[in-house]
Every structure is written in structure tokens, then in C-alpha cells.
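Observations on the three-dimensional arrangement
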Amino acid sequence: NRQIHLDNRPQGEAVAGNFKLVSAETPALQDGEVLVRHHFLSLDPYMRGRMNDAKSYAQPQPLGQVMQGGTAGEVVESRSPKYQPGDKVVGFGGWQEYSVVNADQPGALKKVDTTHVPLSHYLGAVGMPGVTAWYGLVKIIEPKAGQTLAVSAASGAVGSAFGALARARGCRVVGIAGGADKCNYVTKELGFDACVDYKQHKDAASLSKALKEAAPDGIDGYFENVGGMVMDAVMLRMNAFSSIALCGMIAGYDGQPVPMTYPQLILTNRMKVQGFIVSEHMEVWPDALKELGTLVGSGKLRPRESIAQGIESAPEAFLGLLKGRNFGKQLVKLV
Ligand code: NDP
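Predicted model, so just to flag it, every value in this text is computed and none were measured.

As for the overall build of the chain
Helix and strand content of the chain: nine helices and 15 strands. Relative to the globule expectation of 20 Å for 335 residues, the C-alpha radius of gyration of the chain, 20 Å, shows essentially globular dimensions. The dimensions of the chain, computed from C-alpha atoms along their principal axes, are 60 × 45 × 35 Å.

Written as C-alpha cells, this is what we have:
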């Protein structure tokens, strides 16, 4: 069972040397346990925060242990009446090829139906990132049909789901993404009304001008994934009584400063700005996953994936995600 451990903590930017590939024996199963063979590992931006030894809403990733993270795979051996070999499951098995899971522990493992939704999408659009988009849209932005909404990192796992959910509610949706390829995908394949390439703009004033063309009536709701210059530019276009769901600030995860230039606009525009952590709202997951499963099953949401091959590729793929080298949900394929 090959595993990736966190070997040491980043000093500034995360680097490949922070991780270590290790081989370990898989322990024999006890009663109530199952052996899961991982087909996909989920790589997510939040993992960067946990590599630091800082106080946060989640415990830091321990050194010398398997990197924690979401997994999708298949039961290959079972000593639990709840699971049979062949069952497709999602869990939190971490960066390794196999995991031994106590099937009686609540939430440790969930069977998934792969008839209409491919297994990997349960780590993306029909999983944690999809629910994240749903929560920010439905519970924080509270959209009304006809409003203009915007989302940054629009081509990514969370952003693409946000677009489909917002369109289903009759909103005009504007994406912000890095590069022409991502912007083309956002408008042509995801069906956003417009997409602005922030990499074409050197400052917030210039990006804000481009946003004015994409959102001539201003922005009523914004789903923030990035922070910094992108957020400044959107702030300049927000309407009175608009809302921001503050989901992530990936531009600052590797230690870069993400200053906010126009906080006074929150006051003058009487805005609501709310941060949230999706795992603290388990009560919405069933409704959210149901809607997301239907959108994917019916082809209304066609999420894109970046797939790295083999456990040894996980560190580089993860570092790439923090630099925007992924295009859609970043996964590692093991089988
Ligand atoms: P994505 O699939 O969107 O991948 C990350 C993307 O962020 C990159 O592709 C890149 O897109 C963009 N990006 C990376 N670095 C920068 C930068 N310096 N400046 C601007 N954009 C950058 O990831 P996810 O969909 O998984 O996550 C999106 C956001 O949601 C993250 O901020 C994450 O932390 C947050 N999140 C929050 C949760 C919560 O509970 N609050 C739960 C899950 C996710 P591009 O090339 O277009 O710039």
C-alpha cells in the first residue's frame, strides 16, 4: 500500500519536498472493518492550510502520517454486513492506494450509485465542492431570478457547479477565470452568460471595467474563491444590498498577502459578506447532493476533471492546483 505522507511543513510556498512516498503493509481486517481500494483521490485547496501548524477551524495535518483527503473507490474485502466486495464507496481514506475503514463509524463511508453519475464526480460536482457551491448560493446569496451573479475560479470544481445551480434559478451568471481556454469552456460548455479572463488585466480598475461590460446592471451576488485583485475588481461592481459568499481566498494560501482595498463599499452599498465552512452544515448535504446529482445525470452540468496518474503524482498535481494549472476538479487516478 503506497502512501504519501506530510514529511515537513512548508516555509513559505509548499514544495514537493514537503511530501514523502512511503510503502506500508495493510493491516488484517477486524470485525466491522472493510478494505477499500481507492480509484480516485481528491486534491483540494483546503489541504494547503492544513499543511501549516496554525490554529484554524480544522486540526493541522500531522507530520509523518498519510495526507488526509477524500477518496472514491471499491470495497475489495469486507468483515461488515453493511458492505459487499464490489460496492462503490466514497470516504476519507487519504493519499494512499488502500484504506481500512471501520464501517460502523458514522459518516466514514458512503455507498454511491454509479449508474448515471461516474464515480469520480462524487468527489467533485456531486460531492463536497458541489455542496459548497450550493450552500453559498442558496443559503448566503439567496438569489432571485433575473439577478446577476458572479463567481471567481469559475472553471473549477466549485465554480462550475455554482454556475449550473445559478442558471437553474434563472440568474445571469458571470464567471472570472484565468486564460482564454478556461473562459471558453465556462461560456461554451458550462453555459455561463459571460466570462472575464483576469490574467488579461494588470490591476483591479482594468478588470472592473471588463466586468462592467459583462454585467452592465451590476452584480447582486458574488461567490468568492480567490481574493486579492479579483475581489477588489468585483467589489467595485457590487450593487446596493448585494451579498458576497466568502468561500475561499486561494490567491493567499501559499502565504501571499491578499489585501482588501475597498472595505468601505460594504458600508456604502449596505452589503452582506459571509464566510462559511461547508462541513459545518451537514444538514443541507442531502438536498444539495440530490439537486447536483440530477444536474449531472441530466447533462445540464458537465464538470471537467484534471486527472493525474498514480499515487506518486499527487504532490505535483496538488502544487499545480495552487498555481491554477488544473482545469476542473483535480483528481489522482490510481486504478
Ligand atoms: P478549483 O478547481 O477551482 O481550483 C483552484 C483554481 O483557483 C485554479 O484552477 C485557479 O483557476 C484558481 N487560482 C489558483 N491560484 C490563484 C491565484 N493566485 N489567483 C487567482 N486564482 C487562482 O478548486 P476548488 O473548486 O476545489 O476550490 C475553489 C475555492 O473554494 C478554493 O478557494 C477553496 O479553498 C474553496 N473551498 C471552500 C470550502 C468551504 O467550505 N469554505 C469548501 C471547498 C472549497 P484560474 O486558472 O481560473 O485562476
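Back to the write-up after that little detour.
Remarks on the site of the ligand
The ligand sits among 28 residues. The nearest are Gly156, Val158, Gly178, Gly248 and Gly324. When contributions to the shell around the ligand are tallied by element, the ones reaching two or more residues are helix H2 (128-141) and helix H3 (157-168). Sorting elements by how many residues they give to the shell around the ligand places H3 first, with three residues. A breakdown of the residues in the shell around the ligand according to their chemical character gives 16 nonpolar, nine polar and three charged. In this structure, the shell around the ligand is formed jointly by two domains, domain 1 (2-124 + 304-333) and domain 2 (128-279), each of which donates at least three residues.

Some details on the UniProt feature "domain: Enoyl reductase (ER)" (unreviewed entry) in the chain
Within this numbering scheme, the UniProt entry marks residues 14-332 as carrying the feature "domain: Enoyl reductase (ER)" (unreviewed entry). As a span, residues 14-332 carries 27% helix and 24% strand, and end to end its C-alpha atoms are 18 Å apart.

Some remarks on the environment of Glu312
Counting through the fold element by element, Glu312 comes out in the loop between strand S14 (305-309) and helix H9 (314-322). Judged by C-beta crowding, with 13 C-beta atoms within 10 Å, Glu312 ranks as partly exposed.

Section: the environment of Ala58
Tracing the chain through its elements places Ala58 in the loop between helix H1 (46-51) and strand S4 (71-78). For the pair formed by Ala58 and Gly191, sequence separation is 133 residues and the distance between their alpha carbons is 35 Å.

Thoughts on the domain arrangement of the chain
Quite often, the size of an interface is put as the accessible area lost when its parts meet. Along its sequence, the chain is organised into domain 1 (2-124 + 304-333) and domain 2 (128-279). The straight-line distance from the C-alpha centre of domain 1 to that of domain 2 is 28 Å. With 15 residues of domain 1 at the interface, the matching set in domain 2 holds 16 residues. For the side of domain 1 that touches domain 2, a count of residues per class yields five nonpolar, six polar and four charged.

Focus: the sheet that holds strand S12 (residues 238-246)
As summarised here, the arrangement of the six strands in space is S10-S9-S8-S11-S12-S13, forming an open sheet in which the pairing is parallel. Every interior strand has two partners, whereas the edge strands, strand S10 (194-197) and strand S13 (272-275), have only one. Here the average twist between neighbouring strands, direction ignored, is 15°. Here strand S11 (residues 219-224) pairs with S12 via five bridges, running parallel. What sits directly across from Tyr222, in S12, is Ile244. Running over the sheet, helix H4 (residues 180-189) touches strand S9 (172-177) and S10 and is turned about 170° from S10. Along the sheet, helix H5 (residues 204-214) makes contact with S9 and S10, crossing S10 at roughly 170°.

Structural notes on the confidence of the model for the chain
Taken over all residues, the pLDDT of the chain has a mean of 97, while the share at 70 or more is 100%. Both scores are given for the predicted complex: the pTM is 0.97, the ipTM 0.98.

Some words on helix H8 (residues 285-297)
Between the first and last C-alpha of H8 there are 17 Å, a value that for 13 residues agrees with the 18 Å anticipated at 1.5 Å per step. Three or more residues of H8 are buried, namely Ala288, Leu289, Leu292, Gly293, Leu295 and Val296. All buried residues of H8 fall inside an arc of 160° around its axis, so they share one side. Residues of H8 that are exposed and point over 90 degrees away from its buried face: Pro286, Asp287 and Lys290. Phi turns positive, to about 80°, at Gly299, one or two residues after H8.

The rules behind each value
Residues numbered from 1 in each chain as written. Predicted model: local features only at pLDDT ≥ 70, side-chain atom pairs only at ≥ 80, totals over all residues. Helix = DSSP H or I, 4+ residues; strand = E, 2+ residues; numbered from the N terminus. Rg over C-alpha atoms; globule rule 2.2 N^0.38 Å. Near = placed C-beta within 6 Å. Nonpolar A, V, L, I, M, F, W, Y, C, P; charged D, E, K, R; others polar. Domains from an automatic or database assignment. UniProt positions renumbered as here; feature names shortened; annotations may be inferred. Buried ≥ 20, exposed ≤ 12 C-beta atoms within 10 Å, placed from the backbone. Contact = placed C-beta atoms within 7 Å. Pairing = 2+ DSSP bridges. Axes fitted to C-alpha atoms, helices over the stretch in contact; angles between N-to-C directions. pLDDT = per-residue confidence, 0-100. Expected span 1.5 Å × (residues − 1). Arc of directions from axis to C-beta.

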